[in-house]
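Survey of secondary and tertiary structure
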Amino acid sequence: MTTTDASPDPAGPRSPGRPLSTELSGQLVSVALDILADEGWGRLNSDRVAARARAGKAGIYRRWPTMSALARHALSTATLVRVPEDSGSLVRDLCGLLQPWTRPLDRLERAAASLMGAARHDEELRAGLDEALVRPLARAVRELAAREAERGRPLPEPRVALLESVLQALWWQRYTSFAAAPMTTAEVDQLVREALLPIIEPDAVAHV
C-alpha cells in the first residue's frame, strides 16, 4: 500500500490542525537509517527517502527541513553506548563497555559512522553525534567511576576526564575504520589493561 503525506509547499509552514502521522515518521526514519548504514551520507536525499518509503517529499520536509535534521533525528533513536552490568571491578566493567567491539558494527552504528566525515563541516550532524554518542559515553564513564567510588576506590576527576577523552578517541577510530575485523574478547581485555588501566591506576595494579 502506498503511503502519502502531501503538502502544497514542502518548504512552507505546516498547515495548522493537521497532525503528522507517527507511523509515517517512523517509516521515514527507518528508511533514512537504512540508507546511511548501507550506502552512506552522500546517498541520503529526499528523492531516495521518499521513493523507498513510498511517501511524498512534502511529508519529509514537513518534519525535517534538511537531510541533516533528518539524520540527526534518526540518530536520536539509536542506542550506541550501553552501560554494562556491575561486575564488581572497574577493569571488567570497562571490558563490558567495550564488549560490542567484538562484533561488526550493527545497522545503527554504521549509520552513525557514515556521518563522521560530514559532521566536521555540518553543525547539525555534529550535534547528532554528540547527542547519540559523545554524551552517552561520558555518562557511561561517569557511572563506572561512581561504581568504583562506591567500592572505596574513587578516581581523581582529571583521570575520569582523561578516560572519557581516550574512550571517545577509540570510539571514533572504531567508527572510521569499521571495515576492520572485530576484536576478540582477549584483544578487548588487552586494550583495557594496556591503554586504559594506566589511566585509572598509574601503578597498573588492577582490582579484579
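Reading guide: rules and limits
- Residues numbered from 1 in each chain as written.
- Predicted model: local features only at pLDDT ≥ 70, side-chain atom pairs only at ≥ 80, totals over all residues.
- Heavy atoms only, no water.
- Helix = DSSP H or I, 4+ residues; strand = E, 2+ residues; numbered from the N terminus.
- Buried < 20%, exposed > 50% of the residue type's maximum accessible area, 1.4 Å probe, protein only.
- Contact = heavy atoms within 4.5 Å.
- Areas by Shrake-Rupley, 256 points an atom, 1.4 Å probe, with all protein chains shown as cover.
- Axes fitted to C-alpha atoms, helices over the stretch in contact; angles between N-to-C directions.
- Parallel < 35°, antiparallel > 145°, perpendicular 65-115°, else oblique.
- Left-handed = near helix turned anticlockwise from the far one by under 90°.
- Nonpolar A, V, L, I, M, F, W, Y, C, P; charged D, E, K, R; others polar.
- Salt bridge = Lys/Arg side-chain N within 4 Å of Asp/Glu carboxyl O.

**Let's talk about the overall build of the chain**
Of regular secondary structure, the chain possesses 9 helices and 0 strands. Counting from the amino terminus, helix and strand elements in the chain follow one another as α-α-α-α-α-α-α-α-α. For the chain, the residues scored as buried account for 42% of the 208 residues in total. Considering only contacts in the chain between residues 6 or more positions apart, those separated by 24 or more positions represent 73%. Accessible area for the chain stands at about 10,800 Å²; split by element, carbon and sulfur atoms hold 53% of it.

**A look at the packing of helix α5 (residues 90-97) against helix α9 (residues 185-200)**
Contact geometry for α5 and α9: axes closest at 10 Å, N-to-C directions at 125°. Here α9 runs oblique to α5, going by the angle between their axes. Judged by the sense of rotation from one axis to the other, the crossing of α5 with α9 is right-handed. Here L90, V91, L94 and C95 of α5 lie close against α9, whose contacting residues are V188, D189, V192, R193, L196, L197 and I200. The class makeup of the residues in the contact of α5 with α9 is 9 nonpolar, no polar and 2 charged.

**Let's talk about the packing of helix α1 (residues 22-38) against helix α2 (residues 46-53)**
One way to put it is that α1 packs onto α2 with a least axis distance of 9 Å and a crossing angle of 120°. The orientation of α1 relative to α2 falls into the category oblique. In this structure, α1 meets α2 at a crossing whose hand is right-handed. Across the interface between the two elements, Q27, L28, V31, D34 and I35 of α1 pack against R48, V49, R52 and A53 of α2. A class-by-class count of the residues in the contact of α1 with α2 yields 5 nonpolar, 1 polar and 3 charged.

**Describing the pattern of salt bridges**
If you walk through the whole model with that rule in mind, you get 21 salt bridges. Taking the shortest distance from any N to any O, the salt bridge between D93 and R151 comes out at 3.0 Å. Linking D93 in helix α5 with R151 in the loop between α7 (123-150) and α8 (157-176), this pair joins segments that are 58 residues apart in sequence. Overall, R151 belongs to the partly exposed group, its relative accessible area being 22%.

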